[in-house]
Each structure stands twice: as C-alpha cells, then as structure tokens.
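These are the residues of each chain, in order.
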Amino acid sequence: MITGSEALMRALQNEGVETIFGYPGGSIMPVYDALYDYTRGPQKAFDHILVRHEQGATHAAEGYARVTGRVGVALVTSGPGATNTLTGVADAMLDSTPIVVIAGQVPIGALGTDAFQEVDLVGVAQPISKWSYQIRHAEDIAWAVSRAFYIARSGRPGPVVLDFPKNAQTEMVVFKPRHVDFVRSYVAYPELDHDAVARAATLINQARKPLALVGQGVELGNAQEELRHFLEKADIPAGRTMLGLSALPSNHPLNVGMLGMHGNYAPNLKEQECDVLIAIGMRFSDRVTGNLKTYARQAKVIHLDIDRSEIDKNVRTDVAVVADCKESLPALTALIQKGDHSEWRQSFLPLAELERQKVIEPAIHPANGPLLMGEVVNAVAELSPDDTILVTDVGQNQLFATRYFKYHHQRSICTSGGLGTMGYGMPAAIGATFGAPNRTVCCFMGDGGFQMCIEELGTIMEQQAPVKMILLNNHYLGNVRQWQDMFWQRRKSFTRMMNPCYELIAQGYGIPYQAVTERRCLRDAVSKMLSSPGPYIMECAILEDDDVMPMTPPGMSVSDMMLEPGV
C-alpha cells in the first residue's frame, strides 16, 4: 500500500516523464513530499524545475513539448496556483501543444464550501483544454494519468488538466500500472480515405499553378521528410505558417517564405493566383487568410488535417483528407505525377525581389540611424549554430524574429501563435533548454513582454538555464504603437513605456549583460553572447518607430498587402 501521492510519482514514471515544472502550495503539499525522494538519491526519477509563477510553469512545459515532441508537465497548487496556469492552458490549446497540468485541490468533503483556495478548476478549464478531470480517489490515479497523457499527445495534441483533491493524495492504494491507448468516442487517428487521396492527386496532377501551405501539423506529425518528398516530386512551391516555419528548411528551393499578415510578399499574393491550394496541417487562421470573402476564390482547395473539425471551418474545401499527415502525405505522393512547375515558380521571383529591395535590405542592412530589429535578428541568425532554437515573445519582436531567422532543423521555433501571449518567451525558452540541452536557445523579447514574466529570471538564475535573451528595447508596446500610427491617426494611447534599468536587474540575478547602442558593435556583441556559457542578456536600443512590413491591413484581402506603410 502506498499513498496516492506516491502513486502519482509512479504513474508519471510509467509515462516516461523526466522533467516537471512546478510551484508548491498547501493543497499539493503531499505530492511535493512524495516528490522529494524522486528528485534525489538513488531513487531519482525526475528533475523538478522551480518556476517563479505558475503561468511560467505552463509556458516552460510548452517550450519543452515544442522542442521534444513529448508531453510537458506542470505541477501546481489549488486556487490561484491553478488559475494562474489557465493562460498557458489556453495557449497550448490554440497551438496544439501537448502538456499535462496537475493541480492540487481541497478534499472532496470540502468541495462546494468555498474552502480556502477552492476553485472549480475542471469547470473553468473545460472550454480551453482537450480534457479536464478531477481525480477524486487514489484508486483512479493510474488510469487518469495514463488517459491524460494519451489524450494530450495523440491525434491533434493539446493540454489536459488534472484536478487532484488532497484526500486522493493521502489515501492508501495498491498501485497497479495502467496503459490507456483507447478512449471511446475519441478517434485520435482517423482512417485514411484512399478515395479522397485519389481525388486530391487528380487535382494536383491537373494543376498548372499549385501552392502548398505548410503548417505546424507537419512538425507535430513528424512528417518533415514526407513533406519534402511530396513537394519535390510534384515540384510545388510551399509557403509556411509562423508555427510551421521549421517544417521545411529556409534554404530549400521550394520554400517561398512565410504566410500571413506580416509574412512574405510573394506567397501571400500568389495565394490569390494559384489554381490548386494544398493546405497541410494548418487551420486557415485569420492572420493567414485576411478577408475570407476574397481569399483564394479562384483555387481548388485540398486540406490535409488530422482534425475533422478544421475542415470547412474557415475555408471551403474541395477535397478533404482527414488523417495523420505522416500517413496521408506518402499516400498522396505515391499517386501524383512527377511535376515541372518551373515557370510558375519563376513567377514568384519578381515579387520576392521587390520585397527584398523595398523591405528586407533596408531592414537588415540599414545605412545609418538607430539599430533596427531586423538587423539584430539577422546578425543573431547568421552567427548562431544551424540547429539553434528560436523562441520569441509576442509583438514586433516575434514578427521580426520569425521573418529574419533561419531554419535548418526541425522543431526549431517556439512562439505563441493562436493566443498571442505576451510573457510566453522567457519561460518557454527555459523549457526549451531542458528539452534540448545540446542546442542553442535564442529568445527575442520586447521590453513589454520581457517584463510580463520577468520573475522567471529567478528560475534562469537558479538553474543556470543557458537562455540567450535578446531584448529589443524601443520603449513602446511596439506592435500596438504601429497599429495606432497606421490606423488610429497616430494617437499613441498608453503604449509608451517607462522602463527600468535592465543592467541593474541583470546584476541582481547574476546574469551577464551587455547593451548594444551602435551598429558597429552589434556583431561582436552577438558573438560574445553566443560564446558565453550559461544565460545572457543582450539589450539592443531600437529605433522607436521601427515598423514590421509587409503588412496586410486587418480585415483586408491578402491582395492588399502593403510593402510600405500606407502603400
């Protein structure tokens, strides 16, 4: 007989958990007492990373999951500890990130009494999680944990929340391992419809101007090689969503750039010209499609996705292939003919060259003036190892970083896409360093997002997590400021920021720091940062009104993408 808390430890071991991000408290104390023996000595099974805020635990679990493909784990207490995780849960839900949050709860006898730090976590989490469940008795622990991990990582991944009342933590139980690989009414991997594959192949074989839209589903399905074989056989140019950027290397000849509101000019405009659009593991986000009434009306649409609910949700589909792309892409590749779309691919080049001249070159090689975000990102990208992981916060830093970084290896980007969570960057980067300890992790943040989860500098200090933090400081909430300038008559309503002295903050946490204010010092500063062991903060003084371009104005058609503000 063992306690429910120790049963949880054994259940987590059975799921292959090695790293836990957490923060203790009263209602999870029995679990933390059991964890004591599992994090030290000969019985050691886990590394526990003490974060400084429960939201940081979930984002760190997300970063860990993104770079490993495994389930990230967060362990917190009840009440505010549990509710602090909800932003991370919602973020993981929108970005299909597999995490399991285990939260303490008051004993079941106290439920409904407004006991100290009681909250209906299952009820609150249900709409923003893949599954939420309350473990009311110790005998249910093995089953619930196995089911939680199966649901989190299978099919379209996502977050699971387990509410763990204190009585279940202290009850005695005979632990019997469970292995859940089936849940009635939950079809994780739909059966491949070969007729649909054949219809999709026919459309592709007849296409003169095909265009592939590559999303994160390719990474989640570990189908990077299958994607490359498909594209190369059919000779199809491919645009990538922000979360799908590392599914295809930046230097691949069929890569035509990033899709979306601030993506590359050529793939966005060519969506309005292609005759067959092949969406692979992407959800037709509004930031990709712009105005749906005008989006790709001329094209036949083929949608490959594991989640049936995405089909026809935003864009009408002519052929839907609902299956894991690890299975559907090879089936499709087997039926398509060897393609030659060189003339179509060549038509992207003038648009790409126009963007290079008007946007890219001025952004990464400015002649004079203050530093620009694009040139900082470009310098870091050029000097970093090929397998570097890019982590971003949200805002202009995210848009510049994703545009100008280089992607050579799979699972090389961690960013908050669907929810757009400021404060995501720093804790996600911590998780990435534990998930991929042999890879360099570069985290770009604006001065706004840096301060959202600034307390996680304490985690970085304690763990000496080797996060290379690039602070792009323009003294503004830059993305909101850009919209105010462009669409709100330059009425900068509460976007200017008075910032602290980041050098003193770095000193307080014992983290090496340097400031870059001049262009001539940039590359040497980047080299010093990258060659330094452990964590590092490089603060760059950025032009205050540096704008991210190109841009499709909100509510407009992708055909209206602007290369310059107002043009």
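A quick note: this is a predicted structure, and the numbers were derived from the prediction, not measured.

(A) A look at the sheet that holds strand β17 (residues 441-446). One open sheet accounts for six strands, arranged β16-β15-β17-β18-β20-β19; its pairing is parallel. This sheet does not close on itself; its edge strands, each paired only once, are β16 (413-414) and β19 (513-516). As paired strands, strand β15 (residues 389-392) and β17 are joined by four bridges and run parallel to one another. The residue bridging Thr 392 from the neighbouring strand is Phe 444, located in β17. Against the sheet, helix α19 (residues 425-435) engages β15, β17 and β18 (467-473), with an angle of about 175° to β17.

(B) Looking closely at the packing of aromatic side chains. Inspection of every chain in the model, using the stated rule, returns 14 aromatic pairs. Plain terms: the ring middles of Phe 405 and Tyr 407 are 6.1 Å apart, the flat faces sit at 55° to each other, and that makes the pair tilted. Judged by its relative accessible area of 4%, Phe 405 falls in the buried class. Taking relative accessible area as the criterion, Tyr 407 reaches 1% and is therefore assigned buried. Measuring from centroid to centroid gives 6.3 Å for Phe 405 and Phe 444, while their planes differ by 75°, and the two rings are edge-to-face. In this pair, Phe 405 sits in the loop between α18 (396-404) and β16 while Phe 444 sits in strand β17, placing the two residues 39 residues apart along the sequence. Connected via pairs of aromatic rings, a cluster forms that spans Phe 21, Tyr 64 and Phe 434.

(C) Geometry of the layout of surface pockets. If you add up the space inside the second largest pocket, you get close to 620 Å³. Asn 255, Val 256, Gly 257, Asn 264 and Ile 360 are, among the 29 residues lining the second largest pocket, the residues nearest its centre. Among the residues making up the lining of the second largest pocket, the classes are represented as 15 nonpolar, seven polar and seven charged. The residue makeup of the lining of the second largest pocket includes at least three contributed by each of domain 2 (194-348) and domain 3 (370-542).

(D) How the structure looks around the side chain of Glu 355. The topology assignment puts Glu 355 in helix α16 (residues 349-364). A polar side-chain atom of Glu 355 sits 2.8 Å from the main-chain amide nitrogen of Tyr 265.

(E) Representation of the nonpolar core within the structure. Of all hydrophobic cores here, the largest spans 64 residues; its most connected members are Leu 277, Phe 444 and Met 538. Take this core: its biggest share by element is six residues, from helix α17 (residues 373-383). Here this core spans two domains, and each of domain 2 (194-348) and domain 3 (370-542) adds at least three residues to it. Sequence-distant contacts of Leu 277, defined by excluding residues within four places in its chain, comprise Leu 211, Leu 213, Phe 284, Tyr 295, Ala 296, Ala 299, Lys 300, Val 301 and Ile 302. Ranked by size, the runner-up nonpolar core spans 41 residues in total, among them Met 9, Ala 144, Ala 152 and Val 180.

(F) Fine view of the pairing of strand β7 (residues 159-165). Counting buried residues in β7 gives seven out of seven residues, a clear majority hidden from the surface. Bridging between strand β5 (residues 99-105) and β7 involves seven bridges; their strand directions are parallel. Counterpart to Ile 99 in the pairing with β7 is Pro 159. Looking at chain direction, strand β6 (residues 131-134) and β7 are connected through four bridges and run parallel.

(G) Region of interest: the sheet that holds β6. Reading across the sheet, the six strands line up as β3-β2-β4-β5-β7-β6 and stay open at both edges, with parallel pairing between neighbours. Looking at which strands have only one partner, the edges of the open sheet turn out to be β3 (47-50) and β6. Between one strand axis and the next, the sheet turns through 20° on average, direction left out of account.

Conventions adopted
Residues numbered from 1 in each chain as written. Predicted model: local features only at pLDDT ≥ 70, side-chain atom pairs only at ≥ 80, totals over all residues. Heavy atoms only, no water. Pairing = 2+ DSSP bridges. Helix = DSSP H or I, 4+ residues; strand = E, 2+ residues; numbered from the N terminus. Contact = heavy atoms within 4.5 Å. Axes fitted to C-alpha atoms, helices over the stretch in contact; angles between N-to-C directions. Phe/Tyr/Trp six-rings, centres within 6.5 Å; stacked < 30°, edge-to-face > 60°. Buried < 20%, exposed > 50% of the residue type's maximum accessible area, 1.4 Å probe, protein only. 1 Å grid on protein atoms, 1.4 Å probe; cavity = no way out; pocket = protein on both sides within 12 Å on 5 of 7 lines; lining within 4 Å. Points joined across faces, edges and corners; volume = space filled by probe spheres on them. Nonpolar A, V, L, I, M, F, W, Y, C, P; charged D, E, K, R; others polar. Domains from an automatic or database assignment. Polar contact = N/O pair within 3.5 Å; in protein donor to acceptor, adjacent residues only side chain to side chain. Core = buried A, V, L, I, M, F, W, Y, C linked by side-chain atoms within 4.5 Å.

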